[in-house]
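Secondary and tertiary structure notes
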Amino acid sequence: MDKKFYQPFCRSTKDIIKEMAGIEIEGMESMEEEEGEISSMGVSSIITFAGTRKGRLLVDMELGLALYLANTILGEAYTDAMDRMVLSTVSEINNIVSGNAITSLNNSYSMDLRLAPPVVFTGQDMVISIPKINSLSSQGYTEYGKISINVAWEGGNK
Amino acid sequence: MSSISIEEIADLFANNLSKVLRTMAGFEVSSIQCGQQGMPEIEPSIMGAMILHGQKDAMISLAMEDNTAYMLIAYMTGILPEDLEEQDLYDGVGELVNIMTGEVKARLANTPYQFRLTSPFALGGDNLKVVFKKNLQGACRFLTAGELEIIFRISYI
């Protein structure tokens, strides 16, 4: 699948996080093929979308960044990144990032994509494995921690 | 078609998983609702999951400890547990979710409960936690066959 179906997720991640929390993400300019399993940096959220094609976005970030985003967006002072509200914030960011990206894809390519609600996962030394599906990843850096996104479309990257 | 509760849908999945495990691996599986007396505490370290798109979107998952996953995937593939690699476990558990879901999808086709599959995925690690919005409808089944212990969950998301 053409990279034009992946890039909107990079742009959307950078734009939404800047808009919501006022922080710049460095990097996330290109996407690389992901092979095998993905080691989580702390908190992961997955959202699936279906229309003329099916795909999903995985957003993964370090705990420090998750905490900063929740505290900034919600105006609170959470200290535990495992707090339900912190995890819900990550989930909501994924929802908004994906919504923005698929709106762009729907407008440009009439893909009729619809989002399912996101789900958040946490765990110690968590590994995420998505068999039988090729995906592209992109890494970004902020002063509060790293963030990465992984986008997959069924049918592959070609 | 009369309405089906989420508990009945959970039973459809659990019964189908039992059938799959009997056919593929020869296990005689029994299933109870989670939280019932006699259900042991288990700390899942591997989880296979899938998001289902339907009138109501849902997530289903199969969670188990490593030793259950090794045993299960060894029986399913015919590979000795000591020869299985971590990636085999993730692939196997994801595939089990796929197989279990495929037949339920066929049974619910052309009903208000029909759904579309997405790609299964697997999670590994300690203290795995899945967070949904509050007050979502869900159902859980605990399946056992000897030392094999699996937790099946479905949640509308």
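None of the values given here were measured: they were computed from a predicted structure. For every chain, the first residue of the written sequence is number 1, and numbering continues from 1 along that sequence. Ligands are numbered from 1 and chains lettered from A, in the order in which they are written. Residue-level local features of this predicted model are given only where pLDDT is at least 70; pairs of side-chain atoms are given and counted only at 80 or more, and the full residue set underlies all totals for whole chains, interfaces and linings. Excluding hydrogens and water, the side-chain figures rest on all heavy atoms present in the structure.

A few words now on the overall build of chain A. Within chain A one finds three helices and nine strands. Start at the N end of chain A and walk to the C end: the helices and strands fall as α-β-β-β-β-β-α-α-β-β-β-β. Based on C-alpha atoms, the radius of gyration is set beside the globule rule, defined as 2.2 Å times the residue count to the power 0.38. For 158 residues, the compact-globule estimate of 2.2 N^0.38 gives 15 Å, and chain A sits close to it at 15 Å. Taking the principal axes of the C-alpha coordinates as reference, chain A spans close to 45 × 30 × 25 Å. We count a stretch as a helix when DSSP gives it H or I for four or more residues in a row; a strand needs E for two or more, and each element gets its number in order from the N terminus.

Below, the discussion takes up the overall build of chain B. Within chain B, the secondary structure is distributed over three helices and seven strands. Listing every helix and strand of chain B by position from the N terminus yields α-β-β-β-α-α-β-β-β-β. Taking 15 Å as the expected radius of gyration for a compact globule of 157 residues, we find that chain B reaches 15 Å, a close match to that expectation. Its C-alpha atoms give chain B principal-axis dimensions of about 45 × 30 × 25 Å. A contact between two residues is defined here by any heavy atoms of the two lying within 4.5 Å. Across chain B, the fraction of contacts at a sequence separation of at least 24, relative to all contacts at a separation of at least 6, is 69%. For the accessible areas, the method is Shrake-Rupley and the probe is 1.4 Å, while residue cover comes only from the protein chains on display. Surface accessibility of chain B: about 7,400 Å² in total, with carbon and sulfur atoms responsible for 45%.

Let's shift gears to the interface of chain A and chain B. Taken together, the contact pairs 31 residues of chain A with 31 residues of chain B. Once two parts are put together, the accessible area they lose, assessed with a 1.4 Å probe and summed over both, is termed the buried area. When chain A packs against chain B, close to 2,700 Å² is buried across both sides, 52% of that on carbon and sulfur atoms. When the buried surface of chain A facing chain B is broken down by residue, Arg84, Phe121 and Pro131 of chain A rank first, second and third, together holding 19% of it. Salt bridges are defined by distance alone: a side-chain nitrogen of Lys or Arg within 4 Å of a carboxyl oxygen of Asp or Glu. Linking chain A with chain B are one salt bridge. One salt bridge in this structure joins Arg114 of chain A and Asp57 of chain B, with 3.3 Å as the shortest N-O distance.

Cysteine pairs can be covalently joined through their sulfur atoms, and such a bond is termed a disulfide. Residue and element names in this part refer to chain B. Our working definition of a disulfide is a cysteine sulfur pair at a distance within 2.5 Å. In the structure shown here, the tally under the stated rule is one disulfide over all chains. Across the disulfide from Cys34 sits Cys140; the S-S distance is 1.9 Å. Residues Cys34 and Cys140 are joined through a disulfide that is left-handed, its torsion about the S-S bond being -60 degrees. With Cys34 in the loop between strand S1 (30-33) and strand S2 (46-54) and Cys140 in strand S6 (residues 138-145), the pair connects residues that are 106 residues apart, well separated along the chain. Under the scheme applied here, a residue whose accessible area is under 20% of the maximum for its type counts as buried, over 50% as exposed, and between as partly exposed, the area being computed with a 1.4 Å probe on protein chains only. Assessed through its relative accessible area of 11%, Cys140 is described here as buried.

Moving on: the confidence of the model for chain A. Per-residue pLDDT for chain A has a mean of 90; in total, 97% of the residues score no lower than 70. The weakest mean pLDDT in chain A belongs to strand S2 (residues 32-34) of chain A at 86; the strongest belongs to helix H2 (residues 63-74) of chain A at 95. Known as pLDDT, the predictor's confidence for each residue is given on a scale from 0 to 100.

With that out of the way, let us pick up empty space enclosed by the protein. Grid points spaced at 1 Å and placed over the protein atoms alone form the basis of the search, with a cavity being a set where a 1.4 Å probe fits but cannot get out and a pocket an open set showing protein on both sides within 12 Å along at least five of seven lines. Lining residues have an atom within 4 Å of a point. Grid points are joined across faces, edges and corners, and a volume is the space filled by probe spheres set on the points. Overall, the coordinates contain one cavity of 30 Å³ or more when judged by the stated rule. If you add up the space inside the largest cavity, you get close to 70 Å³. Lining the largest cavity are Ile46, Thr48, Lys54, Gly55, Arg56, Ile130, Ile133 and Glu154 of chain A together with Thr118, Ser119, Pro120 and Phe121 of chain B. Breaking the lining of the largest cavity down by element, the ones donating at least two residues are strand S4 (42-50) and strand S5 (54-62) of chain A.

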